[in-house]
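What follows is each chain in one-letter form.
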Amino acid sequence: MNWLHYLLEANLYLCVFYAGYCLFLNKETYYTLNRVYLLFSCVISFVLPMLQIGALKPADTGAITLVLLPKTGVNQFAATPVHAAANPLTFQDVLLYAYLLGAIVTAIVLLFRLIQLSKMTKTTNQLVDGKYKMISIDNSNIAFSFFNYLFIGTKTAGTDIIIRHELVHMRQKHSADIVFMELIKIFNWFNPLIYLLQMSLKTVHEYIADEQTAALEPDALSYSSFLVNNAYGLNGLPITHSFFNYNLLKKRIIMLNQKRSGNLARLKYLMALPICGALLCASTLGFSKTYGWVDLAPKHTTTQSSHVPIADVAIVPAKNADTAARTTSKGYKYQETGYLIKGKTNYRVIITEKNGEEKAYFKNTATAADIKLLRNKYGYQFPSMAIYAKLPPPPPAPMAAPQSID
């Protein structure tokens with residue numbers, strides 16, 4: 001279940017970054033830096049699980065036991081009926097289907113909202129600020145923007161201020177952030193914090209637009225009064241920036257009148273670096289995974305440390321063991337070996353190709369593609385055989401032949 005482990009690890013890191021934002025950065029007035037931090041958190045949380053520092057991993061110096069698998073009387077890979085080879089529905093399958101169902105539903109909802117907006121852009125529009133399109137909606141007091149489109153109702157009051165506010169969203173491409181978060185939600189719909197993070201990002205967008213719009217007013221108080229007097233307009237679609245958002249009204253007014261953060265407050269944003277370092281170390285040491293594709297600091301091993309002493313290696317033939325190569329149902333010769341390393345078992349199979357080339361596969365590190373290749377091409381499946389943590393006792397010594405008495 002590598003896909004599930006990856007998702008859980010990435011969402012765990014996302015929660016750590018968002019907790020850092022809520023504790024240290026939420027009240028700061030460096031809104032652009034807050035925006036960058038939140039977007040950076042979404043990206044780096046899904047990159048860190050694919051990175052590792054090989055130099056931090058401890059070297060395996062424990063004894064290795066090789067157990068030769070016994071030869072069975074019947075070829076276990078001989079033609080197996082299809083109904084017998086089919087596996088029943090497992091818990092992993094249920095998780096996969098539930099996850100895919102949630103992702104599909106979330107994607108459909110996003111697609112439906114985009115289609116709604118696309119239909120609204122087909123109406124007559126006029127240019128604003130030379131390149132942005134404003135679309136009037138009859139008999140409505142709605143006001144929202146999406147990329148280069150500004151939707152505003154004919155009954156909306158104070159349109160000049162609202163247009164200046166929405167132009168800030170459009171110039172700074174805030175809609176791109178929202179669409180990016182919607183795509184993140186498709187793959188992480190099960191994490192409730194992803195919805196809170198998206199709401200925090202939209203709140204930062206409103207802070208940025210309010211700050212720049214209020215700078216053109218006589219003072220912040222007059223703009224705050226305008227927000228209060230126009231707090232009950234209609235909201236747009238969730239993926240748009242709606243000027244009328246009663247739930248954010250109190251926060252917007254507080255941040256408008258809050259004292260600007262000092263220069264030293266910028267140092268708080270550097271905390272992202274130790275968080276990344278700590279999570280990278282935790283990803284290397286705390287998770288046993290096969291998706292750590294990029295090793296930032298590989299471990300440099302010497303010749304002496306790369307070999308296990310002969311005294312620490314034991315080869316133990318199991319009962320009825322046979323080291324000769326056997327043949328799968330598809331005519332490929334193979335040899336199996338079981339390993340016991342520090343109490344952990346592993347299997348190795350060596351497949352001999354038709355041209356004589358030998359390929360080795362290990363059960364614990366085999367990917368889903370490897371297992372599928374072994375089953376479909378070679379007709380081989382890894383056996384489920386217990387390997388004992390202790391070596392079996394030696395066989396009894398043969399009895400000496402009795403001496404004849406003359």
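Counting of residues starts from 1 at the beginning of each chain's written sequence and follows it residue by residue. Predicted model: local features are reported for residues with pLDDT of at least 70 only, side-chain atom pairs are reported and counted for 80 or more only, and whole-chain, interface and lining totals are derived from all residues. Only heavy atoms go into the side-chain values, all of them from the structure, while hydrogens and water stay out.

Asker: I tried to follow the overall build of the protein chain on my own but got confused; where do I start?
Answerer: We count a stretch as a helix when DSSP gives it H or I for four or more residues in a row; a strand needs E for two or more, and each element gets its number in order from the N terminus. When helices and strands are counted, the protein chain shows eleven helices and 13 strands. Only protein chains enter the accessibility calculation, which uses a 1.4 Å probe. A residue is then buried if its area is under 20% of the maximum for its type, exposed if over 50%, and partly exposed in between. Within the protein chain, buried positions represent 39% of all 406 residues. Pairs at least 24 apart in sequence give 70% of the contacts found in the protein chain among residues at least 6 apart. Only the protein chains shown count as cover for residues, and the accessible areas themselves come from Shrake-Rupley with a 1.4 Å probe. Accessible area of the protein chain: about 24,000 Å², with a carbon and sulfur share of 63%. Throughout, a contact is declared for two residues whenever any of their heavy atoms are within 4.5 Å.

Asker: Even after reading the chapter, I still don't get the sheet that holds strand β5 (residues 143-146), so can you show me in this structure?
Answerer: What holds strands together in a sheet is hydrogen bonding between their backbones, with the strands either parallel or antiparallel. Pairing is mixed in the open sheet, where five strands are placed in the order β3-β4-β6-β5-β7. Each end of this open sheet is capped by a strand with a single partner; those strands are β3 (125-128) and β7 (241-242). When DSSP finds two or more bridges between two strands, those strands count as paired. Sheet topology places strand β4 (residues 132-137) next to strand β6 (residues 149-153); five bridges connect them, and they run parallel. The partner of M134 across the bridge, within β6, is L150. Working convention: axes come from line fits to C-alpha atoms, limited for helices to the stretch in contact. Angles between N-to-C directions cover 0 to 180 degrees. Together, β4, β5 and β6 form the strand contacts of helix α4 (residues 91-120), whose direction differs from that of β5 by roughly 105 degrees.

Asker: In this structure, what is going on with the packing of aromatic side chains? I would like to understand it.
Answerer: The geometry of an aromatic ring pair comes down to the distance between the two centres and the angle between the two planes. By convention, a stacked pair of Phe, Tyr or Trp rings (six-membered ring in the case of Trp) has centres within 6.5 Å and planes under 30 degrees apart, an edge-to-face pair has planes over 60 apart, and any other such pair is tilted. Within the structure shown, the criterion is met by 17 aromatic pairs. For the pair W3 and Y99, a centre-to-centre distance of 5.7 Å together with 40 degrees between the ring planes defines the contact as tilted. In this pair, W3 is assigned in helix α1 (residues 2-25) and Y99 in helix α4, connecting sequence segments 96 residues apart. Each residue in the set F17, Y18, Y21, Y37 and F40 is aromatic and connected to the rest through ring pairs, giving one cluster. Above the ring of F243, the side-chain terminus of R252 is found at 5.5 Å from the ring centroid. Two limits define a charge over a ring: the Lys NZ or Arg CZ must be within 6 Å of the ring centre, and within 35 degrees of the ring normal. The ring of Y332 carries K354 above its face, with NZ or CZ at 4.4 Å from the centroid.

Asker: When you look at the side chain of T240 in this model, what are you seeing that I'm missing?
Answerer: For T240, the position within the fold is in the loop between α8 (220-229) and β7. For T240, a relative accessible area of 1% corresponds to the buried category. The residues touching T240, leaving out its near neighbours within four places in the chain, are L117, F144, S145, F146 and K202.

Asker: Explanation requested: the pattern of salt bridges in the structure shown.
Answerer: Opposite charge on two side chains lets them pair, provided their charged atoms get close. Salt-bridge detection follows one rule: a side-chain nitrogen of Lys or Arg within 4 Å of a carboxyl oxygen of Asp or Glu. Scanning the entire structure with this criterion turns up eleven salt bridges. Among the ionic pairs, R171 bridges to D129, the shortest N-O distance being 3.1 Å. Of this pair, R171 sits in helix α5 (residues 159-171) while D129 sits in the loop between β3 and β4, placing them 42 residues apart in sequence. Overall, the relative accessible area of 44% leaves R171 in the partly exposed class. For D129, a relative accessible area of 47% corresponds to the partly exposed category. A single network of salt bridges, built from pairs that share partners, joins E206, D210 and R252.

Asker: Can you walk me through the packing of α8 against helix α9 (residues 246-256) in this structure?
Answerer: Helix packing geometry: the angle between the two helix axes and the distance between the axes. Where α8 contacts α9, the two axes come as close as 10 Å, and the packing angle between them is 175 degrees. As far as their axial angle goes, α9 and α8 are roughly antiparallel. Residues A220, Y223, S224, L227 and V228 of α8 form the contact with α9, whose participating residues are L249, R252, I253 and L256. When residue character is reported, Ala, Val, Leu, Ile, Met, Phe, Trp, Tyr, Cys and Pro are called nonpolar, Asp, Glu, Lys and Arg charged, and the others, Gly included, polar. Partitioned by chemical class, the residues of the contact of α8 with α9 number seven nonpolar, one polar and one charged. Throughout, the term roughly parallel applies to angles under 35 degrees, roughly antiparallel to angles over 145, roughly perpendicular to angles from 65 to 115, and oblique to all others.

Asker: Which parts of the structure should I look at to understand the nonpolar core?
Answerer: The tendency in soluble globular proteins is for nonpolar side chains to be buried side by side. By convention a nonpolar core is built from buried Ala, Val, Leu, Ile, Met, Phe, Trp, Tyr and Cys residues, the set being connected through side-chain atoms within 4.5 Å. Formed by 38 residues in total, the largest nonpolar core has its most connected members in F17, Y21, Y37, L38, L48 and L197. Those elements giving two or more residues to this core turn out to be α1, α2 (31-47), α6 (174-187), α7 (192-214) and α10 (272-286). Take this core: its biggest share by element is eight residues, from α1. Once residues within four sequence positions are removed from consideration, F17 is found in contact with Y37, F40, S41, I44, S45, L48, A272, I275, C276 and L279. Among the nonpolar cores identified, the runner-up in size contains 20 residues, and V128, I161, F226 and L249 belong to it.

Asker: What am I meant to see in a nonpolar patch on the surface here?
Answerer: Residues enter patches when their relative accessible area tops 30% and they take part in no salt bridge; the joining distance is 9 Å for like charges and 5 Å for the nonpolar side chains Val, Leu, Ile, Met, Phe, Trp and Tyr. Taken together, the side chains of L89, F91, V94, Y97, L100, I104 and I108 present a nonpolar region at the surface, about 740 Å² in accessible area. With respect to the helices and strands, the residue L89 is situated in the loop between α3 (82-85) and α4. On the basis of relative accessibility, which here comes to 60%, the residue L89 falls in the exposed class.

Asker: Help me understand the pairing of β4 in this model?
Answerer: A regular strand places its side chains on the two faces of the sheet in alternate fashion. Where β3 meets β4, four bridges bridge the pair, whose relative direction is antiparallel. In the sheet register, L127 faces β4, and the bridge partner there is K133.

Asker: What's the story with unusual backbone geometry in this structure? I'm lost.
Answerer: Trans is the prevailing form of peptide bonds, just as negative phi is the prevailing case for residues other than glycine. In this structure, F147 takes a positive phi of about 55 degrees despite not being glycine. Tracing the backbone through its elements, the reader meets F147 in the loop between β5 and β6. The backbone of K173 sits at a positive phi, close to 55 degrees, despite the residue not being glycine. Tracing the chain through its elements places K173 in the loop between α5 and α6. For K173, a relative accessible area of 43% translates into the label partly exposed.

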